[in-house]
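Coordinate analysis (summary)
Below, each chain spelled out in residue letters.
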Amino acid sequence: MAGGRGRGVASRARLGCLRPWGGTGGRQGRQGRQGRQGRQAGQAGQAGAERCPGRGGCGWKRSHAISRGIAERAKRGAPAGMSRPLSDQERRKQISIRGIVGAESVAELKRGFNRHLHFTLVKDRNVATPRDYYFALAHTVRDHLVGRWIRTQQYYYEKDPKRIYYLSLEFYMGRTLQNTMINLGLQNACDEAIYQLGLDMEELEEIEEDAGLGNGGLGRLAACFLDSMATLGLAAYGYGIRYEYGIFNQKIRDGWQVEEADDWLRHGNPWEKARPEYMLPVHFYGRVEHTATGAKWVDTQVVLALPYDTPVPGYMNNTVNTMRLWSARAPNDFNLRDFNVGDYIQAVLDRNLAENISRVLYPNDNFFEGKELRLKQEYFVVAATLQDIIRRFKASKFGSTDSVRTVFDSFPDQVAIQLNDTHPAMAIPELMRIFVDIEKLPWNKAWDITKRTFAYTNHTVLPEALERWPVDLVEKLLPRHLQIIYEINQRHLDHIASLFPNDVDRLRRMSLIEEGGTKRINMAHLCIVGSHAVNGVAKIHSEIVKTQVFEDFAALEPEKFQNKTNGITPRRWLLLCNPGLAELIAEKIGEDYVRDLSQLTKLHEFVDDDLFIREVAKVKQENKVKFALYLEKEYKVKINPSSMFDVHVKRIHEYKRQLMNCLHIITMYNRIRRDPAKLFVPRTVIIGGKAAPGYHMAKMIIKLINAVAHVVNNDPVVGSKLKVIFLENYRVSLAEKVIPATDLSEQISTAGTEASGTGNMKFMLNGALTIGTMDGANVEMAEEAGEENLFIFGMRVEDVTELDREGYNAQKYYDQLPELKQAVDQIKSGFFSPKEPDLFKDVVNMLFHHDRFKVFADYEAYVKCQEKVSELYLNSKAWTKMVIRNVAAAGKFSSDRTIKEYARDIWHVEPSDLKIPPPNEPRDAVEYKTPNGTAA
């Protein structure tokens, strides 16, 4: 048995990278795949690969064992990067020395698994389904979080550090199981336990639903930030809404996007814990009474906020923070307070109206839709969260549950609240209402404390994305808050008028209230006035915020405006999604880079190391083969794994210019058709992303891409030279599959429109090269890696401004560029939609007459730049050297670095290296690290 198991683990170790996600369970399935995968590996030129991104016995290790493994191989006389196959005996030895897998921990995990299967799921192995096995594993892993979670919260209660509150309407978390195993250092033990139980780990991981509580970048950033805050030992809390339905599931039917509800909680969520004991009331509607003792908000409708807590583990430091998401519940007397209501049944059914508040995520990205339900959501999260923050502030650390702190002078020293865009902006008037109306603080003191507590992150400069709530709606829903906003505005304008007498236009520009037509509240202005710090999310974006969008405010208080370039967590976006590359890097520079990504610069030493170059290329090829198998399984499309994988995945929006990519595809297609014998570097173009359901143009763009794909993929002249795939239902768990397999990352927004982007960073870290404009964080990526190591093209911000000044004329480019004309004419004439020739007339009309994002102006530069890409791709070694330079320069883009900057410059707290002792050690065994890394 032991020998057989050794072979099973070893084969998984060697070829796990080629296994389709979610393979057959059990040993027979695994053994049946070995021959198949051996052949596939051979086809990919990878047979006998010594390293593997698979997470079996030899994948990325979460202990200090990698270096030991290398040393062990060196003792055996084998070079660290060598590729000869090992004997079974050597494999078992290698697994045991690098593995982490103590027999006790494996046995304990198996016991936990069987206990949960029996007692939690009430199943035995005869009737259990794969989903039961996933839940049993999730509960087993969660057991390992609980002691650390409780201990972390006790530690915060005793030490009473400054708390950081990250308020966001979106947290795009994705899946939790594998991330938790990695951060707790449990992955290899779990792999081995699950294998010994005759199950397939990847199949179980594929069962988990994504927690899709976000639209795109803003929500995913919040998730990365939670990971980094826990890893840096900050006493941080994420606060948001527990949407019953997250971002819709996208189906493509006949080339069109169709939305389906994302019922992600259908089977239950093993990671959350409801906390009904902390349920809080939230008030809406009503009226304001002015009494001798101050304003009173009366005759309100009450909705209850029920918190659900999800643990957020730091990486290998035993810190477990909390994400608290609120769910709306009707009070039990809802609609039954009037004793004369005869229709009891209807009153109970009407409870849904209150509970609809947390029903569904609004699916708009970079677009403001001023709906009453959305404003209710925004106030709901803010009102519940601030009550919770104040309860925690008031609670003493000396074991008493009574409110002890009653003076609020120290509030900003104990509490920092970060507003993730303007969505939670109602927190500013709400905190003022609590201080002035309830705690009876004088206005000036309340305002000083409020400003010192809040900080605001701006995420977009697109005018259609800025929140501007109609005054009438706010007056109806939140009458007291409107009065407070008016008072804030009055004092703000009085101050401006004192500095700039008679400058009426400046007063109009800087007012929180926009006059003219419907009176609206400019929420960004409210955030700027009510915060002590305002930041953009990339250097270029912060500059635009300061010099253009909020120019008047920056002139008044320049010290308030900062930059905090976004980042991504290397735990999910390297260790989890690309274990092959993660391990290869660790073999060269050690494991510490996982917590200090700046150490990637050490890879510059290996740019000319032929063995390392080959190994990096091999890992990429393995990832591509694995993704190709996935595409074949899911889309029934056979693609060539040696073709360039050219990937454009993000929300579908005109400013992100998927249309420009589409025109390039058509241009490549026409070139192949014109001269089929000419050398063409094979490409698989993969485009994915969701369109907001009400965004007509974005939905037409999806249809056009699919129409072009249909023609290209079925043209025998083209063959395998060019394939186009629209990736259905792009989401976090799909990003984790496609990003490690990508050769070319498309980041082609019009300069000055993408605030930062974070997908660009994920691709860079995973060994893709970038084709992009000088926009968002692309600018800093080029700065870090050297512009010559990215494919930068197109107009800069100044060029766009100049073109706006002189007037953009699309016709001019159409007339001057024959290939552009041909492509546009094909779209216009129905070449790609023969049954409906004028199907894309709206798209063509937009491109000619109201294209704010100037696709034609950058077309020529883009196509020429793509030719350079193809030329370099022919030289595998030169391409891979450029990849290594990019990975080596990606260190800046860790969210750990971003959070350290927020902590020091905005929240005024120091990140801590402290390691809280695990539950099995005494509580006073806290391990501190001094700056040189030694325990103290």
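Please refer to the structure higher up on the page.
Residues numbered from 1 in each chain as written. Predicted model: local features only at pLDDT ≥ 70, side-chain atom pairs only at ≥ 80, totals over all residues. Heavy atoms only, no water.

**Thoughts on the nonpolar core**
- Counting residues in hydrophobic clusters, the biggest one holds 258 residues, and the most contacted among them are Tyr593, Phe856 and Trp907.
- When residues in this core are grouped by element, the largest group, twelve residues, is from helix 27 (residues 696-713).
- Beyond its immediate sequence surroundings of up to four residues, Trp907 is in contact with Lys162, Ile164, Met229, Leu234, Ala416, Gln418, Ile899 and Tyr902.
- The next biggest cluster of nonpolar side chains, apart from the first, holds 29 residues, and it includes Phe113, Leu177, Cys190 and Leu199. (Core = buried A, V, L, I, M, F, W, Y, C linked by side-chain atoms within 4.5 Å. Buried < 20%, exposed > 50% of the residue type's maximum accessible area, 1.4 Å probe, protein only. Helix = DSSP H or I, 4+ residues; strand = E, 2+ residues; numbered from the N terminus. Contact = heavy atoms within 4.5 Å.)

**Here we look at the side chain of Ser511**
- Structurally, Ser511 can be placed in the loop between helix 19 (504-510) and strand 16 (513-514).
- Setting aside its immediate chain neighbours within four residues, Ser511 contacts Asn489, Leu493 and His525.

**A few points about empty space enclosed by the protein**
- Counted under the stated rule, the structure contains eleven cavities of 30 Å³ or more.
- Empty space within the second largest cavity amounts to approximately 450 Å³.
- Counted by class, the lining of the second largest cavity contains 18 nonpolar, ten polar and ten charged residues. (1 Å grid on protein atoms, 1.4 Å probe; cavity = no way out; pocket = protein on both sides within 12 Å on 5 of 7 lines; lining within 4 Å. Points joined across faces, edges and corners; volume = space filled by probe spheres on them. Nonpolar A, V, L, I, M, F, W, Y, C, P; charged D, E, K, R; others polar.)

**What about helix 27?**
- The end-to-end C-alpha separation of helix 27 is 26 Å, in line with the 26 Å expected for 18 residues at 1.5 Å each.
- In terms of burial, helix 27 is largely enclosed, as 15 of its 18 residues are buried. (Expected span 1.5 Å × (residues − 1).)

**Notes on the packing of helix 24 (residues 579-589) against helix 25 (residues 610-635)**
- Across the interface, helix 24 lies against helix 25 with an axial gap of 9 Å and an inter-helix angle of 160°. Relative to helix 25, helix 24 is oriented roughly antiparallel. Between helix 24 and helix 25 lies a crossing whose hand is right-handed. Only Phe612, Glu615, Val616 and Val619 of helix 25 make contact with helix 24, whose side of the interface consists of Gly580, Leu581, Leu584 and Lys588. (Axes fitted to C-alpha atoms, helices over the stretch in contact; angles between N-to-C directions. Parallel < 35°, antiparallel > 145°, perpendicular 65-115°, else oblique. Left-handed = near helix turned anticlockwise from the far one by under 90°.)

**Considerations on unusual backbone geometry**
- A positive phi angle, near 70°, is found at Asp421, a position not held by glycine.
- When you line up the elements, Asp421 lands in the loop between strand 13 (415-420) and helix 15 (427-438).
- Its relative accessible area of 8% is what places Asp421 among the buried residues.
- We note that His908 has phi near 55°; this positive angle belongs to a residue other than glycine.
- Note that His908 resides in the segment after helix 37 (895-907).
- Using a relative accessible area of 55% as the deciding quantity, one classes His908 as exposed.

**Thoughts on the sheet that holds strand 17 (residues 520-522)**
- Strand order in the open sheet made by the three strands is 15-17-16, with antiparallel pairing throughout. Here the strands that pair on one side only, and so sit at the sheet edges, are strand 15 (468-470) and strand 16. (Pairing = 2+ DSSP bridges.)

**Some words on the pairing of strand 2 (residues 171-174)**
- Because side chains alternate across strand 2, one face comprises the buried residues Phe171 and Met173, and the other comprises Tyr172 and Gly174, equally buried.
- Across three bridges, strand 2 lies against strand 3 (residues 211-213) in antiparallel orientation. Directly across from Tyr172, in strand 3, lies its bridge partner Gly212.

**Some thoughts on the environment of Lys892**
- With respect to the helices and strands, the residue Lys892 is situated in the loop between helix 36 (876-888) and helix 37.
- Taking the C-alpha atoms as reference points, Lys892 and Asp596, 296 residues apart in sequence, are found 9.6 Å from one another.
- Beyond its immediate sequence surroundings of up to four residues, Lys892 is in contact with Lys539, Glu780, Glu784 and Arg897.

**A few points about the layout of surface pockets**
- Reported here for the second largest pocket is a volume of approximately 1,200 Å³.
- Lining the second largest pocket are 50 residues, with Lys251, Ile252, Tyr635, Phe726 and Glu728 positioned closest to its centre.
- Of all the secondary structure elements, the ones that give two or more residues to the lining of the second largest pocket are helix 9 (201-207), strand 5 (249-253), helix 25, helix 27 and strand 22 (722-727).
- Top element by residues in the lining of the second largest pocket is helix 27. It accounts for seven residues.
- For the lining of the second largest pocket, the per-class residue count stands at 20 nonpolar, eleven polar and 19 charged.

**Digging into the environment of Val887**
- Relative to the assigned elements, Val887 resides in helix 36.
- A sequence separation of 119 residues divides Val887 from Ala768, and the C-alpha atoms of the two residues are 8.6 Å apart.
- Here Val887 is in contact with Ile585, Leu600, Leu603, Met764, Leu765 and Gly767, once residues within four sequence places are set aside.

**Comments concerning the packing of helix 5 (residues 103-120) against helix 6 (residues 130-159)**
- Interaxial distance between helix 5 and helix 6 falls to 8 Å at its minimum, and their mutual angle equals 120°. With respect to each other, helix 5 and helix 6 are oriented oblique. Between helix 5 and helix 6 the crossing geometry is right-handed. Contact with helix 5, carried on its side by Glu108, Leu109, Gly112, Phe113, Arg115, His116, Leu117 and Thr120, involves Asp132, Tyr133, Ala136, Leu137, His139, Thr140, Asp143 and His144 of helix 6 and no other residues of that element.
- Split into classes, the residues belonging to the contact of helix 5 with helix 6 amount to six nonpolar, six polar and four charged.

**Regarding the sheet that holds strand 21 (residues 683-688)**
- Strand order in this open sheet of six strands is 22-21-20-23-24-25, and the pairing throughout is parallel. Every interior strand has two partners, whereas the edge strands, strand 22 and strand 25 (791-792), have only one.
- Here strand 23 (residues 744-747) pairs with strand 24 (residues 769-772) via four bridges, running parallel. The residue of strand 24 that forms the bridge with Ser745 is Thr770.
- Where helix 26 (residues 658-674) meets the sheet, its contacts fall on strand 20 (644-649), strand 21, strand 22 and strand 23, and the angle it forms with strand 21 comes to roughly 155°.

**Focus on helix 35 (residues 855-873)**
- With 19 residues, helix 35 should cover 27 Å at 1.5 Å per step; its first-to-last C-alpha distance of 25 Å lies within 8% of that length.
- Its axis deflected by about 25° at Ala861, helix 35 carries its strongest bend there. (Bend = angle between axes of the 7 residues up to and from the residue.)

**Observations concerning the environment of His139**
- Relative to the elements of secondary structure, His139 occurs in helix 6.
- Residue classification places His139 among the buried residues on the basis of a relative accessible area of 13%.
- Remark: the alpha-carbon pair of His139 and Pro270, spanning 131 residues in sequence, is separated by 6.4 Å.
- Apart from residues lying up to four places away in sequence, His139 is in contact with His116, Thr120 and Pro270.

**Quick look at the pattern of salt bridges**
- Throughout the structure, instances matching the rule amount to 66 salt bridges.
- One salt bridge in this structure joins Lys123 and Asp132, with 2.5 Å as the shortest N-O distance.
- When its relative accessible area of 9% is taken as the criterion, Asp132 is described as buried.
- Between Arg673 and Asp715 there is a salt bridge, with the nearest N and O atoms lying 2.7 Å from each other. Residue Arg673 is found in helix 26, and its partner Asp715 is found in the loop between helix 27 and strand 22; the two are separated by 42 residues along the sequence.
- Its relative accessible area of 9% is what places Asp715 among the buried residues.
- Because the salt bridges share partners, they merge into one network encompassing Arg275, Asp309, Arg324, Asp388, Arg391 and Arg392. (Salt bridge = Lys/Arg side-chain N within 4 Å of Asp/Glu carboxyl O.)

**A word on the packing of aromatic side chains**
- Throughout the structure, instances matching the rule amount to 28 aromatic pairs.
- Taking 5.6 Å as the distance between ring centres and 90° as the angle between the ring planes, the aromatic pair formed by Phe411 and Phe435 counts as edge-to-face. Taken together, the residues span a long stretch of sequence, with Phe411 in helix 14 (residues 411-414) and Phe435 in helix 15 at a distance of 24 residues.
- Note on Phe411: relative accessible area 0%, which makes it buried.
- Of note, Arg242 hangs over the ring of Tyr308, and the distance from its end group to the ring centre comes to 3.8 Å.
- Across from the ring centre of Trp573, 4.4 Å away, lies the NZ or CZ of Lys762, which sits over that ring. (Phe/Tyr/Trp six-rings, centres within 6.5 Å; stacked < 30°, edge-to-face > 60°. Lys NZ or Arg CZ within 6 Å of the ring centre and 35° of its normal.)

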